[in-house]
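These are the residues of each chain, in order.
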Amino acid sequence: MTANEYMQVTDSNLVHTYNRFPVTLDRGEGVYLYDTDGKKYLDFAAGIAVSGLGYGNEELNNALKGQIDKLMHSSNLYYNTTCGKAAGALKRISGMDRVFFTNSGTEAIEGALKAARKYAWKKKTGRYEYIAMKDSFHGRSMGALSVTEHEAYRTPFEPLIPGVSFAEFNNLDSVKRLVTDKTCAIILEPIQGEGGINMASREFMRGIQEICDKEGILLICDEIQCGMVRTGEMFACQAYGVRPDILVMAKAIGSGVPAGAFAMTKAVAEYSLEPGDHGTTYGGNPLVCAAVEKTIEIFEREDMKAHVREVGAYLSEQLNELVKTYDVVVERRGTGLIQGIRLSHPAGKVIQRALEEGLLIISARSDVIRLVPPLVIEKEHVDEMIDVMRRVLAYQSF
């Protein structure tokens, strides 16, 4: 089949919920993807921050192949050989005490919200409300949408879950004004990905934790996109010296295998979800957990934190040069390998021209180029990306 035929088959058989680029991808190798015509693309999107190990990692592939030959699924009615080990690895790197596996980040958000309400119910506090942040994004299910502040996502599906208010990100007074004796949890992303690569300040993160500790409110950190070494720490909250009560993760924990999880402290686990409260058919199955365990093993053995810090610092330098050189580039945002540049106009044409030049990049909001490449990129790949961006940004008409 030709690329156009693949596109036609897809469009004729699937619900049209994605604005897809006119590219049919066929395979990947390292940090590059190839379409059905053999054209090579440098990937600075990583499946939206998913493919941390890049493509064709032999060690990961062999772990998955070996597990496929043994057992892929058994349901959570039984123990399996990989689930407990993968959960133990996530506990070790996150500092949490208990883990629940899901199929995706959105499902993990749903579980975290339920866990917070169940905690308040068992404690008999009468609390049920949430404080979320403006410019947040937590997913597209009904619960996740309820704590997502984006009118275009929310409006067609309202009324959503009640009891949610939105504070200004990085404005501690705004949060304080919304706290009541009904607030059960505050949920935020330490770095807002979809919202524009907005980083929380240290004062804001520390202040949120102080509010939660003082008022008996649970802190939920959504690290679906900014977690798993993308900032140079295993999880972004660790760079702030903050330990949430509930930590939500997904994307890169499975290196492309659909995996999500929410983890909690022992104090929350003891007064939260019980058998029958929450469940999943596929979450925590042997295949997924083999991917999670192997991913963490590779990240730790290869000291991926140090690698991301080094390459991320170099990426920052090169992006800062773009800001200095091109009037259309207003500012650089982010850290490590979750960064972005804000433009003075919508990013769509820049992304399309980069695609034509063999570079995959994505947007965050309408005017930010989001750069979330595989964590295994090297400085030479940063240089290659910058070369393409210079050619694209040199165009005068956008």
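Scroll up for the structure.
A brief report on the enclosed structure follows. Small disclaimer: the values here were computed from a predicted structure and weren't measured.

Criteria and thresholds
Residues numbered from 1 in each chain as written. Predicted model: local features only at pLDDT ≥ 70, side-chain atom pairs only at ≥ 80, totals over all residues. Heavy atoms only, no water. Axes fitted to C-alpha atoms, helices over the stretch in contact; angles between N-to-C directions. Helix = DSSP H or I, 4+ residues; strand = E, 2+ residues; numbered from the N terminus. Parallel < 35°, antiparallel > 145°, perpendicular 65-115°, else oblique. Left-handed = near helix turned anticlockwise from the far one by under 90°. Contact = heavy atoms within 4.5 Å. Nonpolar A, V, L, I, M, F, W, Y, C, P; charged D, E, K, R; others polar. Salt bridge = Lys/Arg side-chain N within 4 Å of Asp/Glu carboxyl O. Buried < 20%, exposed > 50% of the residue type's maximum accessible area, 1.4 Å probe, protein only. Patch = residues over 30% accessible without salt bridge, like charges linked within 9 Å, V, L, I, M, F, W, Y side chains within 5 Å. Areas by Shrake-Rupley, 256 points an atom, 1.4 Å probe, with all protein chains shown as cover. Lys, Arg positive; Asp, Glu negative; His and termini not counted. Charge placed at Lys NZ, Arg CZ, Asp CG, Glu CD. 1 Å grid on protein atoms, 1.4 Å probe; cavity = no way out; pocket = protein on both sides within 12 Å on 5 of 7 lines; lining within 4 Å. Points joined across faces, edges and corners; volume = space filled by probe spheres on them. Core = buried A, V, L, I, M, F, W, Y, C linked by side-chain atoms within 4.5 Å. Expected span 1.5 Å × (residues − 1). Arc of directions from axis to C-beta.

A packed helix pair is summarised by two numbers, namely the angle formed by the two axes and the spacing between the axes. One can describe the packing of helix α14 (residues 348–356) onto helix α15 (residues 379–393) by two numbers: an axis separation of 10 Å at closest approach and a directional angle of 125°. Regarding the angle of α14 to α15, the classification is oblique. The interaxial crossing formed by α14 with α15 has right-handed handedness. Residues Val 350, Arg 353 and Ala 354 of α14 form the contact with α15, whose own contacting residues are Val 388, Met 389 and Val 392. Residues that form the contact of α14 with α15 fall into these classes: five nonpolar, no polar and one charged.

The next thing to look at is the pattern of salt bridges. Following the criterion strictly, the structure yields 21 salt bridges and no others. Where Arg 27 meets Glu 29, a salt bridge forms, and the shortest distance between an N and an O atom there is 3.7 Å. On the basis of relative accessible area, Arg 27 is assigned to the partly exposed category, the value being 44%. With a shortest N-O distance of 2.7 Å, Glu 59 and Arg 301 are connected by a salt bridge. One end of the pair, Glu 59, is in helix α3 (residues 58–70); the other, Arg 301, is in helix α12 (residues 286–301), and 242 residues separate them in sequence. With a relative accessible area of 45%, Arg 301 lands in the partly exposed category. Residues participating in the shared-partner salt-bridge network are Glu 59, Lys 294, Glu 297, Arg 301 and Glu 302.

Turning next to a negative patch on the surface. Taken together, the side chains of Glu 378, Glu 380, Asp 383, Glu 384 and Asp 387 present a region of like negative charge at the surface. When you line up the elements, Glu 384 lands in helix α15. Taking relative accessible area as the criterion, Glu 384 reaches 32% and is therefore assigned partly exposed.

In this structure, the second largest pocket spans a volume of roughly 760 Å³. Asn 76, Cys 83, Val 99, Phe 100 and Phe 101 are the residues nearest the centre of the second largest pocket, which is lined by 26 residues in total.

The next thing to look at is the packing of helix α4 (residues 83–94) against α12. Interaxial distance between α4 and α12 falls to 8 Å at its minimum, and their mutual angle equals 40°. Note that α4 runs across α12; the crossing there is left-handed. Across the interface between the two elements, Cys 83, Lys 85, Ala 86, Ala 89, Leu 90, Arg 92 and Ile 93 of α4 pack against Cys 289, Val 292, Glu 293, Ile 296 and Glu 300 of α12.

The biggest cluster of nonpolar side chains holds 84 residues, and the ones touching the most others in it are Met 133 and Met 385. When residues in this core are grouped by element, the largest group, eight residues, is from α12. The residues touching Met 385, leaving out its near neighbours within four places in the chain, are Leu 42, Phe 44, Leu 315, Leu 319, Leu 359 and Leu 371. By size, the runner-up hydrophobic cluster in this structure holds 25 residues, among which are Ala 108, Ile 109, Ala 250 and Phe 262.

It is worth spelling out a nonpolar patch on the surface at this point. Taken together, the side chains of Met 1, Tyr 6 and Val 9 define a hydrophobic patch exposed on the protein surface, amounting to about 300 Å² of accessible area. You can see Val 9 is positioned in helix α1 (residues 3–13). Exposure remark for Val 9: the relative accessible area of 40% places this residue in the partly exposed category.

Empty pockets left among the atoms are what a rolling probe the size of a water molecule brings to light. A complete count under the given rule lists one cavity of 30 Å³ or more for this structure. The calculated volume of the largest cavity comes to roughly 40 Å³. As for the largest cavity, its lining consists of Ala 116, Tyr 119, Ala 120, Thr 125, Arg 127, Cys 184, Gly 216 and Leu 218. With three residues, helix α5 (residues 105–122) is the single largest residue contributor to the lining of the largest cavity.

For α15, spanning 15 residues, the distance from its first C-alpha to its last is 21 Å, which sits close to the expected 21 Å at 1.5 Å a residue. Among the residues of α15, those classed as buried are His 381, Val 382, Met 385, Ile 386, Val 388, Met 389, Val 392 and Leu 393. Buried residues along α15 cover an arc of 165° about the axis, so they all sit on one side.

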